[in-house]
Amino acid sequence: MKVEWRLSFLFIISILAALTFWNYQNKVYDWDMPGYLGSMYTSEFPNSPDKVRLSLMMKSKKKLLQTIIQISSE
């Protein structure tokens, strides 16, 4: 009985590890990236919401242009 439990435990752990690795490799910072960057800029500039907004917009525009260039070159 103990052997069966150990085997099933190892099987579940190995499946979870494989899925975690696979999801980490395929991560996409799509819609969540502006919120993450906004929180990072807010921690850097806590008293300047305009600077945070402008920094975030510039970063987003730069990323968008890089994506457009990459797509058009393919």
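Positions within a chain are numbered from 1, following the residues in the order the chain's sequence is written. Only residues with pLDDT of at least 70 are given local features in this predicted model, and only at 80 or more are side-chain atom pairs given and counted; all residues enter the totals for whole chains, interfaces and linings. Calculated side-chain values reflect all of the structure's heavy atoms, with hydrogen atoms and water omitted.

### Here's the deal with the overall build of the protein chain
Under the scheme used here, helices are H or I runs from DSSP no shorter than 4 residues and strands are E runs no shorter than 2 residues, and both carry numbers assigned from the N terminus. If you tally the helices and strands in the protein chain, you get three helices and zero strands. Seen in sequence order, the protein chain has helices and strands lined up from the N terminus as α-α-α. In the protein chain, buried positions account for 7% of the 74 residues. Using a 1.4 Å probe, accessible areas were evaluated by the Shrake-Rupley method; residue-level cover was limited to the displayed protein chains. Here the protein chain has roughly 7100 Å² of accessible surface; of this, 68% comes from carbon and sulfur atoms. Only protein chains enter the accessibility calculation, which uses a 1.4 Å probe. A residue is then buried if its area is under 20% of the maximum for its type, exposed if over 50%, and partly exposed in between.

### Looking at the confidence of the model for the protein chain
Regions with low pLDDT carry predicted coordinates that are not meant to be interpreted in detail. A score between 0 and 100, pLDDT records how confident the predictor is in each residue. Per-chain confidence: the protein chain averages 81 in pLDDT, with 86% of residues scoring 70 or above. No element of the protein chain has a lower mean pLDDT than helix α2 (residues 33-44), which averages 77, and none a higher one than helix α1 (residues 2-25), which averages 88.

### Points about a nonpolar patch on the surface
Each patch groups residues whose relative accessible area exceeds 30% and which form no salt bridge, using 9 Å between like charges and 5 Å between nonpolar side chains of Val, Leu, Ile, Met, Phe, Trp and Tyr. The term salt bridge refers to a side-chain nitrogen of Lys or Arg lying within 4 Å of a carboxyl oxygen of Asp or Glu. Taken together, the side chains of Phe9, Leu10, Phe11, Ile12, Ile13, Ile15, Leu16, Leu19 and Trp22 define a hydrophobic patch exposed on the protein surface, amounting to about 950 Å² of accessible area. Tracing the backbone through its elements, the reader meets Ile13 in helix α1. Ile13 sits in the partly exposed class, given a relative accessible area of 41%.

### Quick notes on the pattern of salt bridges
This structure, assessed with the given rule, holds one salt bridge. One salt bridge connects Asp50 with Arg53, and the closest N-O pair in it is separated by 2.8 Å. One end of the pair is Asp50 and the other is Arg53, both in helix α3 (residues 49-73) and three residues apart, which spans about a single turn.

### Overview of the environment of Thr67
Mapped onto the secondary structure, Thr67 falls in helix α3. We define a polar contact as two N or O atoms separated by no more than 3.5 Å, with the added condition that, inside protein, one atom must be a possible hydrogen donor and the other a possible acceptor, whereas residues neighbouring each other in sequence contribute only through side-chain atom pairs. Of note is the side chain of Thr67, whose polar atom sits 2.9 Å from the backbone oxygen of Lys63.

### Brief notes about the environment of Phe45
Turning to its location among the elements, Phe45 is positioned in the loop between α2 and α3. Aside from chain neighbours lying at most four places away, what touches Phe45 is Lys51 and Val52. The contact criterion used is simple: two residues touch if any of their non-hydrogen atoms lie within 4.5 Å.

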